[in-house]
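Each chain, letter by letter, is given below.
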Amino acid sequence: MVKNPNYWGYDERYPQNHIPYVDTLKVLIIPDNATALAAMRTGKIDFVDGISISQAQSMAKTNPEMLQIPQINTYV
């Protein structure tokens, strides 16, 4: 996705700022969980979703500098 330079919107909290703040967004679909975790550990990607609690705990031990935001997935 690429930012539209002619978008008219402004940030409600900071009306002097045009939105969106991001110029580009790349979404990679990595179906193999081990590959996604390896990419996360090496800094190739910024976000991984749908990992197990044990995988998240392992990630916290091996990469303590990484920000983790726990969430509960309600889908099966």
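Further up the page is the structure itself.
Residues numbered from 1 in each chain as written. Predicted model: local features only at pLDDT ≥ 70, side-chain atom pairs only at ≥ 80, totals over all residues. Heavy atoms only, no water.

A. Up close: the overall build of the chain. When helices and strands are counted, the chain shows 2 helices and 0 strands. Expected size for 76 residues packed as a compact globule is a radius of gyration near 11 Å; at 17 Å, the chain overshoots this value by more than 25%. In terms of principal-axis extent, the alpha carbons of the chain reach across some 45 × 30 × 25 Å. Classification of the 76 residues of the chain by burial places 14% in the buried group. Roughly 6,900 Å² of accessible area belongs to the chain as shown, and the carbon and sulfur atoms make up 60% of that amount. Of the side-chain charges in the chain, 6 are positive and 7 negative, and the distance between the mean point of each set is 6 Å. (Helix = DSSP H or I, 4+ residues; strand = E, 2+ residues; numbered from the N terminus. Rg over C-alpha atoms; globule rule 2.2 N^0.38 Å. Buried < 20%, exposed > 50% of the residue type's maximum accessible area, 1.4 Å probe, protein only. Areas by Shrake-Rupley, 256 points an atom, 1.4 Å probe, with all protein chains shown as cover. Lys, Arg positive; Asp, Glu negative; His and termini not counted. Charge placed at Lys NZ, Arg CZ, Asp CG, Glu CD.)

B. Fine view of helix α1 (residues 33-41). Of the positions making up α1, those classed as buried are Ala36, Leu37, Ala39 and Met40. Looking straight down α1, one finds its buried side chains confined to an arc of 160°; they lie on one side. Downstream of α1 by one or two residues, glycine 43 has phi in the positive range, about 80°. (Arc of directions from axis to C-beta.)

C. Expanded view of the side chain of aspartate 11. Structurally, aspartate 11 is set in the segment before α1. The buried charged residue aspartate 11 lacks any salt bridge partner; its closest oppositely charged side chain belongs to arginine 13, at an N-O distance of 4.8 Å. At a separation of 2.9 Å, a polar atom in the side chain of aspartate 11 contacts the main-chain amide nitrogen of arginine 13. Separated by 2.6 Å, the side chains of aspartate 11 and tyrosine 21 make a polar contact. (Salt bridge = Lys/Arg side-chain N within 4 Å of Asp/Glu carboxyl O. Polar contact = N/O pair within 3.5 Å; in protein donor to acceptor, adjacent residues only side chain to side chain.)

D. Structural context of the pattern of salt bridges. Evaluation of the coordinates by the stated rule reveals 1 salt bridge. A salt bridge links lysine 3 to aspartate 23; the shortest N-O distance between them is 3.8 Å. You can see lysine 3 sitting in the segment before α1 and its partner aspartate 23 sitting in the segment before α1, a full 20 residues away along the chain.

E. Molecular detail of a nonpolar patch on the surface. Residues Met1, Tyr14, Tyr21, Val22, Leu25, Val27 and Ile29 make up a contiguous nonpolar surface patch of roughly 830 Å² in combined accessible area. Tracing the backbone through its elements, the reader meets methionine 1 in the segment before α1. According to the relative accessible area criterion, methionine 1 is exposed, its value standing at 68%. (Patch = residues over 30% accessible without salt bridge, like charges linked within 9 Å, V, L, I, M, F, W, Y side chains within 5 Å.)

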